[in-house]
Every structure is written in structure tokens, then in C-alpha cells.
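Chain by chain, the residues:
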Amino acid sequence: MQQLRVQASVISLVISLLMAPALANSHDSSERYIVHWQAAQPSHETSIQRNFQPRVLNAAGSALPSSQISSEYLTAEQAQEMQERPEVALIEPDPKRELLSFGPQGDYLPYGLGMIQALGISDHLAANQRLCIIDSGIDGQHPDFNHDRISGRDDSRSGAWNQDDHGHGTHVAGTIAALANGQGLQGLLPNGQLELIIVRAFNASGWAYSSDLVAAARSCVDQGANIINMSLGGNLPSTLERLAFAELAEQGILLVAAAGNDGLSTPKYPASYDSVISVAAVDQQAQRASFSQFNAQVELSAPGVGIWSTALTGRGQQLGAGLVWQGQSITAWPMQGSKSLALTAPLANCGLGLELCAAEQRICLMHRGENSFADKARNCQASGGLGLIVINNSEQPILGHLGGYQAEIPVWAVSQSQGLDLAAATESALSIRTAEGGFDFLQDQGTSMAAPHVSGAAALIWSHFPECHGQDIRAALAASTTDLGNPGRNAEYGHGLVNAAAAMELLASQGCQRQYWVGDQLLPDNTLVAAPPSENLVLPKLDNDRSSEQIAHENRQRAAQPQTGSFSLLLLLVFAAVVSACGFKHPRQQTG
């Protein structure tokens, strides 16, 4: 009996260090922290005595040694006490990371593909690229993907990689790799040969922790990815993230993240780390989207407004332009809280929409101002209107909502110039095409939609120059942009709009470089900033001895090589089997 108790104790200790541990009964008064240990982590018994419940990031998921990093739920008092312990080098909040989009709004060609000059570039070499998407998963049944070239790993916290409860990850993946199969829309690499790696790090609510993101990035690399797309972000930086991503970038991994959707100059993370390409969003007129973050870390811009891509099967919208007038699609933005349906009807000019108007069986046309969007929708409905188009007072997009009011009609917004054209011809018919249900595609907006344009363009270009290092591709993308806003790099657009064709020409003429001559200037200067020595942490080496030629050779061979899990993952599975045989159960992990 004593031997069994000792055996059970040993197994319990090992599992607690390698897998997600039991949590306290409630985390109402605690927050999650990342603990950086000076050396090996102290014993589990010591933590238990101090009421600490560690969740150690296992070796298969962490970019740093598991003995030096743990993620723990602590009260503020416990965090302060832990910081004072000599074996703790640093303790920091484990900030949340959220998906960065706003929600719904032959092969259809989304405008972004042409806008970044990618349509003329062949993807016949796409098989030598592995692109990892850290997101909410992917719809494993969607007909517009080659699922034979998509793989991933399940996550015990967020679920199976080939299931997507949110829809965000499926939309991101479509911009990159939707097939040219005549059944929907086309992505940047549409021949189905790009290998997608899906790491599901987000729950159905669309958030995860910073340490989860680091574990996800490490998983991407373990599975052979050379590009990682992160259409996500949060407000607070993390030392763990910064060090891990700096290391991956130095290894040659190209890291791409959404700049943020607050429309402010405040930084978002991971986009604002020096090792990551921060991507801002522009609309179809190449103007900065009003929601897009602007700061010194913004590096590139890409289309992010009104982007059509893949949705959860049967839960999308009717594919195509949201508004069609006189046979031409109109750039427009659906308002949150309005109904989605398809209709065609003549227009009725209702001025500011302050009162009822003659709109029976027509689509109301109202100018912005004086009253709320919800009041305009109410007056249109009361007038017998079938739908509402709001004309903005500028050329900027309206990312509007009805303030909690649920309209029974579709409500869309258009720019001032387009609205004035409509107002001059109110007797002509306009079609609203936003029927929901039974469709596999969706219009969305956000810097989340801009980031995969950059990731996909990078994979497309890199497939033609596999001998290059990730930082060579990064430099080529930055040096070949279409300049926007104030000349040169600026806070709104970074270096400018991604131009895939120009990047190809630059690489073809100058080869793999960290800086490129553009005219008489040497651009860009994106030298990575080394981590300060005060962190008291020793970063492991991740294949730093590999040459660019070796990496290129491996890229070309990867498509034909089956991937196996890491030794650490095998250990986890073995220990899980032992625990199962002994009657132990994996504790339930709370998500917030």
C-alpha cells in the first residue's frame, strides 16, 4: 500500500509539471501570471503550500525551457509574495490575446488580391512553403480548401484544430489558400499545394492568454512552419512573448500580426514587437481604415475592409458585392444589428431621416447626421422601407451599429461620393445581396483580414526564392511597397501597401538581402533589436546552425516528408496513459 501511495505521488507530481494542473475552485479574485524562474522550478509541494497552482508550459509547446517558465493563477498578494522569492527572476501578467475582426459584413476574386498585385504571380511552387495560422481553428468540411494539405494539432483547452466554433480562423485561411475550383472564391495561393498548419489557440469567445500564444507559435515551428500568421492581439506586452518571438525571427521564421482595431496610436501585441510585422488595414481606395491602429511599429498595410472569404459551412452570406447598382458593385459596410437578406428595389431619398418619408416598398436613402442610425432605421421601417442606405459625410468607411436595436431591414453605409451618385438617380433599382444561411462565404473587416494578405503574399513570393531567410523576405516586402500617406514610412501605413509583384522584381534583381537598393536609397532598416541582458534567462538554440541553403532544401522536401510529434509530446502521451491506467483524471481547465 505504501508503495502504491509513493507511486501515485510521483505520477501526480510529473503530470502536474507536464500537463495542465487542477485549478482553484474559483479564479474570481485571481489573474494569470507568467513566472520566469532563475533555475529549475521549485517542487510542486512548495507551490501547493503557498496556494499556488502552476500550469507549466510543456516542452512541446514552449519556446523557452519548461523548467524556467510557468503560467499560474495568482491573487495580487500572491504575485507580490512570489516576486520576492529568490528563485523567481521575473513575474509578469499573462495578458489576453483576442481575434481582431468586427464580424459579418466562375470563382469570385476578392479585391485585395489585385490590390496587392498578387494575381500575376504563379503559385506552382507553393508546395515548398508551410504557413501556420494561429487562430480559432478551421472548418474541416469547407469545400473551398484542399484538406489533404492542411494539418494541425488539437489543444486540450480550445478544442480540435479542424473545428472552428468562431469562424475567424476559417476566414483568415480563405484569404490565403481558398481554392480556384469554380465553387466560391479564390485565395492568394489557390492551387491547393500550400501546406497550411492550423494551431487552434482560441476558444469560441475568441480570446486566449499570451503564454498560450507562445506555446502555439512553438507548436507551429515544431510542425515545420516558416511563416506564422497571427490575426490577433492585446493591449499589454509580455516579456515571454518578446523573447520567444525575437528568437523565432532570428531563426528565420516570418512573423505577421494584426496591428489592432482601436483606431488609436497605442501599440498592440504581438504586432508591436520588433520581431513581428505589424499590418495595418486599408479600404478599397487604399485609405487607412478608421479602425486601424497607427504607430511607429506599423510596418505594412494591406486590404482589411469588406473582405470576402470563407465562412463556416452553411452559415455565411450570399457571395459577392453587398450592394449592386446599375450592374456595378458598390463598396459598402453593413451595420451591426441589422437584418441580412437579399432584395432589389428602387431608392427613396429620405434626407436626414428625421421623420417618415415616401419609402413604401423602396430602399431608404438617408444622409448621416442629426439623429442616430437606429432612429433612421426605425423611421425607414415605419415608412414601409425594405432597407436603408446611410450616406457618410466623408469618403471614410462607417463601421456602424444600431446601439442594441435589432432592425428588421438591412442597413448599410456608403461613402459620400457614392451616396450622392445614388441620390441623383433615386428611381433606379439597387440590389442588396446579404442573404444569410446556406452559404459558405462571408464579408468581414479588421486588421485581422489585412494580416493574411501579407502572410499569403510572403508565402507566394518565398516559394520562388526558397533560399532566402525570413528576414530577407521581410525586407523585400517593406522595400517594395506602394507608398501611401506622407512620403516614406509613416505611422498610418508603415512603409506602404504590400506590392507582391514589386517584391518579386526586387528579389529577382538583387537576390536575398536584408536591405535593398530602391533608386538611390538603401531600404529598409528593420534590424532586429536584441533582448536586454537583464532578463536573467538563457534562450535555447533552435537550429541556429542551419544555413539558408539547408532551410531552403528542407522547405523543398517537406511536402513529401511525414511529420512526427516531438519527443516531449510523446512523453505527455505516455504519462497520460499511465495516469489513465491508475485512475487519475485530467482536471477541467477554466478559460477565464
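Rules of the game
- Residues numbered from 1 in each chain as written.
- Predicted model: local features only at pLDDT ≥ 70, side-chain atom pairs only at ≥ 80, totals over all residues.
- Heavy atoms only, no water.
- Helix = DSSP H or I, 4+ residues; strand = E, 2+ residues; numbered from the N terminus.
- Expected span 1.5 Å × (residues − 1).
- Buried < 20%, exposed > 50% of the residue type's maximum accessible area, 1.4 Å probe, protein only.
- 1 Å grid on protein atoms, 1.4 Å probe; cavity = no way out; pocket = protein on both sides within 12 Å on 5 of 7 lines; lining within 4 Å.
- Points joined across faces, edges and corners; volume = space filled by probe spheres on them.
- Nonpolar A, V, L, I, M, F, W, Y, C, P; charged D, E, K, R; others polar.
- Salt bridge = Lys/Arg side-chain N within 4 Å of Asp/Glu carboxyl O.
- Phe/Tyr/Trp six-rings, centres within 6.5 Å; stacked < 30°, edge-to-face > 60°.
- Pairing = 2+ DSSP bridges.
- Axes fitted to C-alpha atoms, helices over the stretch in contact; angles between N-to-C directions.
- pLDDT = per-residue confidence, 0-100.
- Contact = heavy atoms within 4.5 Å.
- Core = buried A, V, L, I, M, F, W, Y, C linked by side-chain atoms within 4.5 Å.
- Disulfide = S-S within 2.5 Å.

Visitor: Account for helix α6 (residues 210-222), naming residues and giving values.
Guide: Across its 13 residues, α6 extends 19 Å between first and last C-alpha, which sits within 8% of the 18 Å expected from 1.5 Å per residue. Burial analysis of α6 places 12 of its 13 residues in the buried class, the great majority of the element. Within α6, the full set of buried residues consists of Ser210, Ser211, Asp212, Leu213, Val214, Ala215, Ala216, Ala217, Arg218, Ser219, Cys220 and Val221. One or two steps after α6, the chain reaches Gly224, where phi turns positive at roughly 95°.

Visitor: Please set out empty space enclosed by the protein residue by residue, giving values where relevant.
Guide: Its volume calculated, the second largest cavity comes out at about 60 Å³. If you go around the second largest cavity, the residues you meet are Phe145, Asn146, Arg149, Ile150, Ala177, Leu189, Gly192, Gln193, Leu194 and Leu196. Across the lining of the second largest cavity, the residue classes break down as six nonpolar, three polar and one charged.

Visitor: Tell me about the pattern of salt bridges, and name the residues and values.
Guide: According to the stated counting rule, one finds nine salt bridges in the structure shown. The salt bridge partner of Arg149 is Glu195, with a shortest N-O separation of 3.9 Å. Within this pair, whereas Arg149 is found in the loop between β6 (130-135) and β7 (150-153), its partner Glu195 is found in strand β8 (residues 195-200), the two being separated by 46 residues in sequence. Judged by its relative accessible area of 10%, Glu195 is buried. Note that Lys268 is salt-bridged to Asp262, the shortest N-O span being 2.8 Å. What makes Asp262 partly exposed here is its relative accessible area of 41%.

Visitor: I'd love a proper account of the packing of aromatic side chains, names of residues and values included.
Guide: The geometry of two aromatic rings is summed up by the distance between their centres and the angle between their planes. Going through the model one piece at a time under the given rule, you end up with two aromatic pairs. On the numbers, 6.3 Å between centres and 45° between planes, the contact of Phe245 with Tyr273 is tilted. Note that Phe245 is positioned in helix α7 (residues 239-251) and Tyr273 in the loop between β12 (254-258) and β13 (277-282), a separation of 28 residues in sequence. Each member of the pair, Phe245 as well as Tyr273, is classed as buried.

Visitor: Could you give me a rundown of the sheet that holds strand β19 (residues 342-349), with the residues and numbers involved?
Guide: Read from one edge of the open sheet, eight strands run β17-β16-β23-β19-β20-β21-β22-β18, paired in mixed fashion. Lying at the two open borders of the sheet, with one neighbouring strand each, are β17 (328-330) and β18 (332-334). Neighbour-to-neighbour, the strand axes of this sheet turn through a mean angle of 35°, independent of strand direction. Alignment of β19 against strand β23 (residues 429-433), held across five bridges, turns out to be antiparallel. Among the inter-strand pairings, Leu343 is bridged to a residue of β23, identified as Ile432.

Visitor: Pulling in residues and values, what's your account of the pairing of β13?
Guide: The buried count for β13 comes to six of six residues, which makes it a mostly enclosed element. Covered by surrounding structure in β13 are Ile277, Val279 and Ala281 together with Ser278, Ala280 and Val282, the residues of both alternating faces. Relative to β13, β12 runs parallel, the two being bridged by three bridges. When the sheet's bridge partners are listed, Ala258 is paired in β13 with Val279. In this sheet, strand β14 (residues 298-303) lies alongside β13 in parallel orientation, the contact comprising five bridges. What sits directly across from Ser278, in β14, is Val298.

Visitor: Which residues make up the confidence of the model for the protein, and what are the values?
Guide: Per-residue confidence for the protein gives a mean pLDDT of 78; residues scoring 70 or more make up 76%. Long-range and interchain partners of residues 41-66, a stretch whose pLDDT sits below 50, account for 81 contacts in this model, where long-range means more than four residues apart. Taken as a whole, residues 558-592 scores under 50 in pLDDT and shows 59 contacts with residues more than four places along the chain or in a different chain.

Visitor: Describe in detail the nonpolar core, supporting the description with residues and values.
Guide: Leu194, Leu196, Val454 and Leu477 are the most contacted members of the largest nonpolar core, which has 65 residues in total. Looking at which element gives the most residues to this core, the answer is helix α10 (residues 447-462), with 10 residues. Leave out the neighbours within four places in its chain, and Leu477 touches Leu300, Val454, Ala458, Ile461, Val498 and Ala503. Judged by nonpolar contacts, the second largest core, of 26 residues, contains Ile197, Phe245, Leu248 and Ala257.

Visitor: Could you give an account of the state of the cysteines, with specific residues and numbers?
Guide: The final tally for this structure, using the stated rule, is four disulfides. The side chain of Cys350 participates in a disulfide bridge whose partner is Cys357; the two sulfur atoms lie 2.1 Å from each other. Disulfide Cys350 to Cys357: torsion about the S-S bond roughly 60°, handedness right-handed. Taken as a pair, Cys350 and Cys357 share a single burial class, namely buried. One disulfide in the model links Cys364 with Cys380; its S-S distance is 2.1 Å. Classification of the bridge connecting Cys364 and Cys380 rests on its S-S torsion, roughly 90°, and on that basis the disulfide is right-handed. Remark: Cys380 occurs in helix α8 (residues 373-382) and Cys364 occurs in strand β20 (residues 363-367); sequence separation between them is 16 residues. Indicated for the protein is the disulfide connectivity 1-2, 3-4, 5-6, 7-8, based on numbering the bonded cysteines in sequence order.

Visitor: How would you sum up the sheet that holds strand β10 (residues 227-230)? Please name residues and give values.
Guide: Pairing is parallel across the open sheet formed by seven strands, whose spatial order is β7-β8-β6-β10-β12-β13-β14. A strand with exactly one partner marks an edge of an open sheet, and here the two such strands are β7 and β14. Between one strand and the next, the sheet's axes are offset by a mean angle of 25°, whatever the strand orientation. Sheet analysis places β6 next to β8, joined by six bridges and oriented parallel. The residue bridging Asp135 from the neighbouring strand is Arg200, located in β8. Packing against the sheet, helix α5 (residues 168-177) makes contact with β6, β8 and β10, and its axis sits at approximately 155° to β6. Lying over the sheet, helix α11 (residues 470-479) contacts β12, β13 and β14, oriented at roughly 70° with respect to β14.

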